[in-house]
Amino acid sequence: LEPWPVVSVNSMRIPFLSPPTDGEETPLWRHPEVGLIDWLIQLSFPLLLPLERMTTAALSGDLSLLLELRGKMDQRDGVQHDSVFSEWRLTLLQMSRADGSTLEARLYHPPGSGDTLLPVVLWFHGGGYTLSTARDSHGATFAAELAAMVAEAPKVAWLSVEYRLAPEHPFPAAPLDGATALEYICDASRAASIKIDSSAIHVAGASAGAGVAAAVATDAARRGVAVRSLFLDEPCLDPRANSASFAVNSATTIAPVAWLRWSWSVYYPFEHADAVSDRFFVLPRLAEPDVLGSPAHPTTLVITASADPLRAEGAAYAEALRAAGKLEAHIEAKGSHVIALTLDKEARRRALTAWAALLHRGAGREGSGPRE
């Protein structure tokens, strides 16, 4: 792995107002993939979540703003998360890690599920490996929309994992937590006691959580653990953080390039990259044929956003999955990170329909729709 360029704190600017110069990215107000609503959201986003200011402080060794933002995100996202799941049955789970510490997770059963053993989505929240919690609103919204697709999707339980975050807990802490959660629900008797079908486990995540999900599902396949499907929403997979889309789409305020690179530097330090784990992978190793070649590797649905710095790595992983015969579909939404799949209604419809088809198959029902 070649290190990315050093981030200059002094070069940070206001990306949505700065005029373009030779060799720089297109600013948001001129970006062909960023619509008016997208642009307005990004204009206000730094006021709600000042990621570049937090990165500047973190690069100088001050993590106080990071901790403050975690608290604010948990409070704000948690309210929406709890509202979405207000009618679902919540079970708080505690699982033992190998070192004796406790991993927590939130298990939700949809209304009307009773004592039926349900397929389960094992969900990993986003947040650049450094932010957010299991009470995220992004995943909760997906769960609610899937549950509303009565004709297309079976009832599915939702298990959101409180995996450990960097910089306190660098790689491979997050995928280790994911594997612990997966192993917990793979036990048939334990799964039955919490009304989960251990033979119908689906793994999913958004952004950094999609990176955790990919690592966990790939590890499971190599060990012969059955995962029925994998859903990756705008995955954060490549610690090099220097793809073409990082240059073209670097004006975003939703996922600032400086923050993404700092997050990788504390989550997956280059000086330890060759020794940290022989079990869990990131790109490019994650996409190599011998890794994807396991017959047990789950069919995967990949979502990318056209104005996202992470676009290229998600698309590259989708192509590697396609070559290995493991890709269900690669769906690209128009717009910026996270915002795209909300504003691009047609892409969201296609994504949820394809995901519902995977859940159908995983629950023993016939899937519908061609692979893309």
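Coordinates for the structure precede this section.
Residues numbered from 1 in each chain as written. Predicted model: local features only at pLDDT ≥ 70, side-chain atom pairs only at ≥ 80, totals over all residues. Heavy atoms only, no water.

## Quick word on the pattern of salt bridges
Per the counting criterion, the structure on display carries 19 salt bridges. Between Asp-82 and Arg-106 there is a salt bridge, with its nearest N and O atoms 3.9 Å apart. Taken together, the positions of Asp-82 in helix α3 (residues 64–84) and Arg-106 in strand β2 (residues 102–109) put the pair 24 residues apart, joining distant regions of the chain. In this structure Arg-106 comes out as buried when scored by relative accessible area, which is 16%. The closest approach of N and O atoms between Arg-285 and Asp-290, which form a salt bridge, is 2.9 Å. Of the residues examined, Asp-290 reaches a relative accessible area of 54% and is grouped as exposed. (Salt bridge = Lys/Arg side-chain N within 4 Å of Asp/Glu carboxyl O. Helix = DSSP H or I, 4+ residues; strand = E, 2+ residues; numbered from the N terminus. Buried < 20%, exposed > 50% of the residue type's maximum accessible area, 1.4 Å probe, protein only.)

## Here we look at the side chain of Ser-306
Counting through the fold element by element, Ser-306 comes out in the loop between β7 (299–305) and α11 (311–323). Judged by its relative accessible area of 5%, Ser-306 falls in the buried class. Side-chain polar atoms of Ser-306 contact the backbone nitrogen of Gly-335, separated by 3.0 Å. Beyond its immediate sequence surroundings of up to four residues, Ser-306 is in contact with Glu-33, Asn-249, Arg-311, Glu-332, Ala-333, Lys-334 and Gly-335. (Polar contact = N/O pair within 3.5 Å; in protein donor to acceptor, adjacent residues only side chain to side chain. Contact = heavy atoms within 4.5 Å.)

## Here's the deal with helix α9 (residues 257–267)
Most of α9 is tucked away: 10 of the 11 residues are buried. Where α9 is buried, its residues meet α2 (51–59), α3, α5 (173–186) and α8 (244–248).

## A short note on unusual backbone geometry
The linkage connecting Phe-171 with the following residue, Pro-172, adopts the cis geometry, with an omega of 10°. For Pro-172, the location among the structural elements is in the loop between β4 (157–161) and α5. Cis geometry marks the peptide bond from Leu-283 to Pro-284, where omega comes out at 5°. Considering the arrangement of structural elements, one finds Pro-284 in the loop between α9 and α10 (289–292). Although it is not a glycine, Val-338 sits at a positive phi angle of roughly 70°. Note on placement: Val-338 falls in the loop between β8 (327–333) and α12 (340–343). Judged by relative accessible area, which is 34%, Val-338 ranks as partly exposed.

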